[in-house]
Amino acid sequence: QVQLVESGGGLVQAGGSLRLSCAASGRTFSNYGMGWFRQAPGKEREFVAAINWSGGSTDYADSVKGRFTISGDNAKNTVYLQMNSLKPEDTAVYYCAAGLALSRYAALYNYWGRGTQVTVSS
């Protein structure tokens, strides 16, 4: 049974930092693409960042490029999202997802976590 469990969300002031973690279990993810998506109230889920676990390739949404960094620890089966210089518009529920390839499209991810809330105050 595949499980993705996010942690690390919380309340932070604008300009602050948070690190999200996504612990994966239930199968081998070494050939998977791992992504982070977010959904703010009243908005659609949007792509944030993704990493190809086997090769280390990464992709970022323009809105977070230069501020967020995605990384993976194969030994721990965990993917991280380091978020710096946070802005109020980054407030959302952040979801971790696993799919067969690195992608910006949510529909291509097979497995999803339940999400972790990130709130950035101004």
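Summarised in this report is the structure supplied together with it.

Thresholds applied
Residues numbered from 1 in each chain as written. Predicted model: local features only at pLDDT ≥ 70, side-chain atom pairs only at ≥ 80, totals over all residues. Heavy atoms only, no water. Helix = DSSP H or I, 4+ residues; strand = E, 2+ residues; numbered from the N terminus. Rg over C-alpha atoms; globule rule 2.2 N^0.38 Å. Buried < 20%, exposed > 50% of the residue type's maximum accessible area, 1.4 Å probe, protein only. Contact = heavy atoms within 4.5 Å. Areas by Shrake-Rupley, 256 points an atom, 1.4 Å probe, with all protein chains shown as cover. Lys, Arg positive; Asp, Glu negative; His and termini not counted. Charge placed at Lys NZ, Arg CZ, Asp CG, Glu CD. Pairing = 2+ DSSP bridges. Axes fitted to C-alpha atoms, helices over the stretch in contact; angles between N-to-C directions. Core = buried A, V, L, I, M, F, W, Y, C linked by side-chain atoms within 4.5 Å. Disulfide = S-S within 2.5 Å.

**Here's the deal with the overall build of the chain**
- Within the chain, the regular secondary structure consists of zero helices and 11 strands.
- Listed N to C, the secondary structure of the chain is β-β-β-β-β-β-β-β-β-β-β in terms of helices and strands.
- Taken over C-alpha atoms, the radius of gyration comes to 13 Å for the chain, in line with the 14 Å a tight globule of 122 residues would show.
- Considering only C-alpha atoms, the chain reaches an extent of 40 × 25 × 25 Å along its principal axes.
- A buried classification covers 41% of the 122 residues belonging to the chain.
- Put simply, of all contacts in the chain between residues at least 6 apart along the chain, 57% involve residues at least 24 apart.
- Here the chain displays about 6,300 Å² of accessible surface, and carbon together with sulfur accounts for 45% of that area.
- Here the chain carries 11 positive and 8 negative side-chain charges, and the mean point of each set is 4 Å from the other.

**Remarks on unusual backbone geometry**
- Non-glycine residue Asn77 carries a positive phi angle of around 50°.
- Its location among the elements puts Asn77 in the loop between strand S7 (68-73) and strand S8 (78-83).
- Here Ser85, not a glycine, exhibits a phi torsion of approximately 50°, which is positive.
- A relative accessible area of 41% places Ser85 in the partly exposed class.

**What to know about the sheet that holds strand S1 (residues 3-7)**
- Taken in spatial order, the four strands of this open sheet run S1-S3-S8-S7, and their pairing is antiparallel. The sheet is open, and its two borders are formed by S1 and S7, each paired with just one other strand. When the angles between neighbouring strand axes are averaged without regard to direction, this sheet yields 15°.
- In the sheet, S1 pairs with strand S3 (residues 18-25) via five bridges, with the strands oriented antiparallel. When the bridges of S3 are listed, Val5 appears paired with Ala23.

**Overview of the nonpolar core**
- The biggest cluster of nonpolar side chains holds 34 residues, and the ones touching the most others in it are Met34, Trp36, Leu81, Met83 and Tyr94.
- Of all elements in the fold, only S3, strand S4 (33-39), strand S5 (46-52), S7, S8, strand S9 (92-99) and strand S11 (116-121) reach the threshold of two or more residues within this core.

**What about the state of the cysteines?**
- Evaluated as defined, the whole model comprises one disulfide.
- Note on cysteine connectivity: Cys22 is disulfide-linked to Cys96, with sulfurs 2.0 Å apart. Every disulfide takes its handedness from the sign of the S-S torsion; for Cys22 and Cys96 that torsion is -75°, giving left-handed. Of the two residues, Cys22 is situated in strand S3 and Cys96 in strand S9; the sequence distance between them amounts to 74 residues.
- Taking relative accessible area as the criterion, Cys22 reaches 0% and is therefore assigned buried.

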